[in-house]
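# Architecture and fold: a report
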Amino acid sequence: MKRAPRRRDLDYFFPVKICGYHLVGKIKLKVFPVWRGGRGGQGWAWGRCMRWEEDGGGAGQPPRFDCPVWCILCRGGRARLRQACQRGGGVFRLPTDMLSFKLPQLFDIHQVPRVFREDGIISGYRHPRSSALDCILSSFQMTNETVNIWTHFLPTWYFLWRFSVLCSSLDFLSESYTWPLLVYMLLICLYPFTSSCAHTFSTMSAEARHICYFFDYGALSLYSLGCAISYGSYVMPDCWVNTWLHRHFVPIAIGNTLVCTSLSCYSRFLELQFPRKSKVLRTAAFVYPFIFDNIPLFYRLLLCCGGSCSHSEALSSHCYHLIFAFLTCFLFASHLPERLAPGRFDYIGHSHQLFHICAVVGTHFQMEAVLADMASRRGWLIAHSAVPSFLGTIGALAVGFLLNMGLIAFFSAILLFAPHHTALHSSTTSQPSSDCKDQ
Ligand SMILES: [Zn+2]
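Residues numbered from 1 in each chain as written. Predicted model: local features only at pLDDT ≥ 70, side-chain atom pairs only at ≥ 80, totals over all residues. Heavy atoms only, no water.

## Description of helix 5 (residues 179-201)
With 23 residues, helix 5 should cover 33 Å at 1.5 Å per step; its first-to-last C-alpha distance of 33 Å lies within 8% of that length. Taking burial as the measure, the 23 residues of helix 5 include 18 buried ones, the bulk of the element. (Helix = DSSP H or I, 4+ residues; strand = E, 2+ residues; numbered from the N terminus. Expected span 1.5 Å × (residues − 1). Buried < 20%, exposed > 50% of the residue type's maximum accessible area, 1.4 Å probe, protein only.)

Now the structure itself:
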């Protein structure tokens, strides 16, 4: 990102025509850079805001005109001079103009390439070639992405705060029983932050949009691994502890993250040509690891329904989590309510915002449930099961992270270097013109 240039001085021979006489005065212009809002890679630019000062001769020394002074005053010259000054003020913009900050223009759905369009969202689109700074600034402007950004940025800080409180009360360094929780807490901080960044920078270009969401999917995929690690250690029903599934729960979950990231990234390649297939594939990519992770919980709930509840303190939080997880999935797949009233929920209330909120509230209940199970089952689990190993917790996270980064790099390379990836771009675009005016 370029720094804003400093003010610079220009000596300028300023021609004035008064009373039919051409006058020339040497003046010094103070030229200030102004922010143009970043249309087409512009940004800080010279010449929008200038102030002239007298020549360096000192205050009070007027411009040297090459004609007698009386001619300025002749034949209504004073009125004309005032008029000229007013026009000059318009041309050179007064310094107060620098204080007015111009927000980037927003666009309607038919003005942006197809790859940027969202079902049922008609207006509030950002420029599809925004600079990184524009993207950051746009999070303070009301666009159709603003609430998406904040509904995951603020929860990141909430989860970081909860994590820091746990750091002060638990010994994450030496007590291996807490390591599954450590991994889980890291990942519930990571996924909303990555999502928030993806929504912020997704309008830098079509390629950037896809890569941003590759990272978003990768983070969600790793979150599912974090769930598996914590569920395998704290949520597993008593009768399943030390079974084959318990011992292989985390390795299978690592494999699931690869399936999840691959399918979800691949679904972006189908988005324009086969939107329905793409949506089904992406939904399945996230539903599948969710169902796998929750198998132990489903069994515990089943046992509870059968009347043999054990360690039931956490079950109410688990149930709230499942309700919000169901809502999250429903909103993601249905595109309600904007599908019923396109254009009505462009800025506030569309399905992706509700999806974010439900996901975060669901994660909050899940965290409470994991903490409750961890505390209430501590004695029983330590007595009947092996303590969590470094390899099975932090090691699994490291392996999952590296493999998923490899997949994201692979899909990004296909996107950037494959000669024909027109499926990711739209041929029927109507790019916003480069001379769009700031609003
Ligand atoms: Zn999102």
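Still more ground to cover, so stick around.
## Points about the UniProt feature "binding site: Zn(2+)" (unreviewed entry) in the chain
Following the UniProt record, one finds the feature "binding site: Zn(2+)" (unreviewed entry) at His199, His352 and His356. Of the residues just listed, which span 158 residues, no C-alpha pair is farther apart than 11.5 Å, and they cluster in one region. Among the structural elements, histidine 352 can be located in helix 11 (residues 351-376). Since its relative accessible area comes to 24%, histidine 352 is described here as partly exposed. Excluding residues that lie within four positions of it along the chain, histidine 352 makes contacts with Asn148 and His199. Along the chain, the position of histidine 356 falls in helix 11. On the basis of relative accessible area, histidine 356 is assigned to the buried category, the value being 1%. Apart from the residues within four sequence positions on either side, histidine 356 is in contact with Asn148, Thr151, His152, Ser195 and His199. (UniProt positions renumbered as here; feature names shortened; annotations may be inferred. Contact = heavy atoms within 4.5 Å.)

## What about the packing of aromatic side chains?
Tallying each qualifying case throughout the model produces 20 aromatic pairs. With a centroid separation of 6.2 Å and 75 degrees between ring planes, the pair formed by phenylalanine 153 and tryptophan 157 is classed as edge-to-face. Residue phenylalanine 153 and its partner tryptophan 157 are both found in helix 4 (residues 146-169); the two are separated by four residues, about one turn of the helix. By relative accessible area, phenylalanine 153 is classed as partly exposed at 26%. The structure contains a cluster of three or more aromatic residues connected by ring pairs, namely Phe140, Trp150, Phe153 and Trp157. (Phe/Tyr/Trp six-rings, centres within 6.5 Å; stacked < 30°, edge-to-face > 60°.)

## Points about a nonpolar patch on the surface
Taken together, Tyr320, Ile323, Phe326, Leu327 and Phe330 make up a surface patch of nonpolar side chains, about 510 Å² in accessible area. In this structure, phenylalanine 326 sits in helix 10 (residues 315-334). By relative accessible area, phenylalanine 326 is classed as exposed at 59%. (Patch = residues over 30% accessible without salt bridge, like charges linked within 9 Å, V, L, I, M, F, W, Y side chains within 5 Å. Areas by Shrake-Rupley, 256 points an atom, 1.4 Å probe, with all protein chains shown as cover. Salt bridge = Lys/Arg side-chain N within 4 Å of Asp/Glu carboxyl O.)

## What to know about the coordination of the zinc ion
Distances from the zinc ion to its protein donors, His199 (NE2), His352 (NE2) and His356 (NE2), fall at 2.0 to 2.1 Å. Sequence spacing of the donors to the zinc ion: H-x152-H-x3-H. Taken together, the residues histidine 199 in helix 5 and histidine 352 in helix 11 connect sequence positions 153 residues apart. The exposure class of histidine 199 is buried, given its relative accessible area of 3%. (Donors = N, O, S within 2.8 Å, 3.2 Å for Na, K, Ca; no water.)

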